[in-house]
Amino acid sequence: MISKDVPNVIVTDIHSVLDFKNLNLFDYAVTTLDGYDMIKIPDLTGPGRHLRLQFADVEYGTYPNAPTIDHIKQALDFYDTVTGDDSNTILFHCYAGISRSTAMAIGYLAAKHRDKLDTIMKDDLYKAFYDYVKTMRRYCYPNKLIIGYFDQLLNLDGSLYNFNKKYQLAMDDGGLIT
């Protein structure tokens, strides 16, 4: 299962994150919030261990304060520091823990497993990523724009983005992806 191959990943919302801070459950943190909410979040881990990305939860790049490809480049650079030690736990959170944080966690898993993504079983691996994140967040609806940027920067030729569309269609229909 995917959990044996990746560092511990926690995906949550803004309301739970401060409780986790007090429990010392993670080594790194990725915060994706828009504007006012960002100032409520203290440094969660220490210098160089907390990435703060400020953008809105929108899926159109023309929208003010939308996620940009530069945000995802920053995330990938940050992920490179995390992946050096498989014992690290990384916390992903946004406001509701549904869209931005789940997309960032899936992007992290795709970056972590880049070497395996050239196989014919790519959809099986993507499904494992989504299933893994969904174990933590019942409502998992990854932001399409963020997923698209990860797909582009990881040179996945649209496969992650297309899987995300298939996944979201299945969720919209109340079904499971097979």
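All values reported here derive from a predicted model rather than from experimental measurement.

Q: Residue-level account of the side chain of His-93, with values.
A: In this fold, His-93 is placed in strand 4 (residues 89-94). By relative accessible area, His-93 is classed as buried at 0%. There is a polar contact of 2.9 Å between the side chain of His-93 and the side chain of Thr-31.

Q: Give a description of the sheet that holds strand 4 that names residues and reports values.
A: The parallel open sheet is built from four strands, whose spatial order is 1-4-2-3. If you trace the sheet from one side to the other, it starts and ends with strand 1 (8-13) and strand 3 (50-54), each paired once. Taken over all neighbouring pairs, the strand axes of this sheet differ in orientation by 15 degrees on average, direction set aside. Contacts between helix 2 (residues 69-82) and the sheet are confined to strand 2 (28-33), strand 3 and strand 4, with strand 3 contributing the most and set at about 170 degrees to the helix. Packed on one face of the sheet, helix 3 (residues 100-112) meets strand 1, strand 2, strand 3 and strand 4 and runs near 145 degrees to strand 4.

Q: Which residues make up the packing of helix 3 against helix 5 (residues 144-153), and what values do they have?
A: Helix-helix packing: each pair is described by the crossing angle between the helix axes and the interaxial distance. Here helix 3 crosses helix 5 at 15 degrees, and the two axes come no closer than 9 Å. The angle between the axes of helix 3 and helix 5 places the two elements in the roughly parallel class. As for how helix 3 packs across helix 5, the hand of that crossing is right-handed. Across from Arg-100, Ala-103, Met-104, Ile-106 and Gly-107 in helix 3, the residues of helix 5 making contact are Ile-146, Ile-147 and Phe-150. Taken together, the residues of the contact of helix 3 with helix 5 break down into six nonpolar, one polar and one charged.

Cut-offs used in this document
Residues numbered from 1 in each chain as written. Predicted model: local features only at pLDDT ≥ 70, side-chain atom pairs only at ≥ 80, totals over all residues. Heavy atoms only, no water. Helix = DSSP H or I, 4+ residues; strand = E, 2+ residues; numbered from the N terminus. Buried < 20%, exposed > 50% of the residue type's maximum accessible area, 1.4 Å probe, protein only. Polar contact = N/O pair within 3.5 Å; in protein donor to acceptor, adjacent residues only side chain to side chain. Pairing = 2+ DSSP bridges. Axes fitted to C-alpha atoms, helices over the stretch in contact; angles between N-to-C directions. Contact = heavy atoms within 4.5 Å. Parallel < 35°, antiparallel > 145°, perpendicular 65-115°, else oblique. Left-handed = near helix turned anticlockwise from the far one by under 90°. Nonpolar A, V, L, I, M, F, W, Y, C, P; charged D, E, K, R; others polar.

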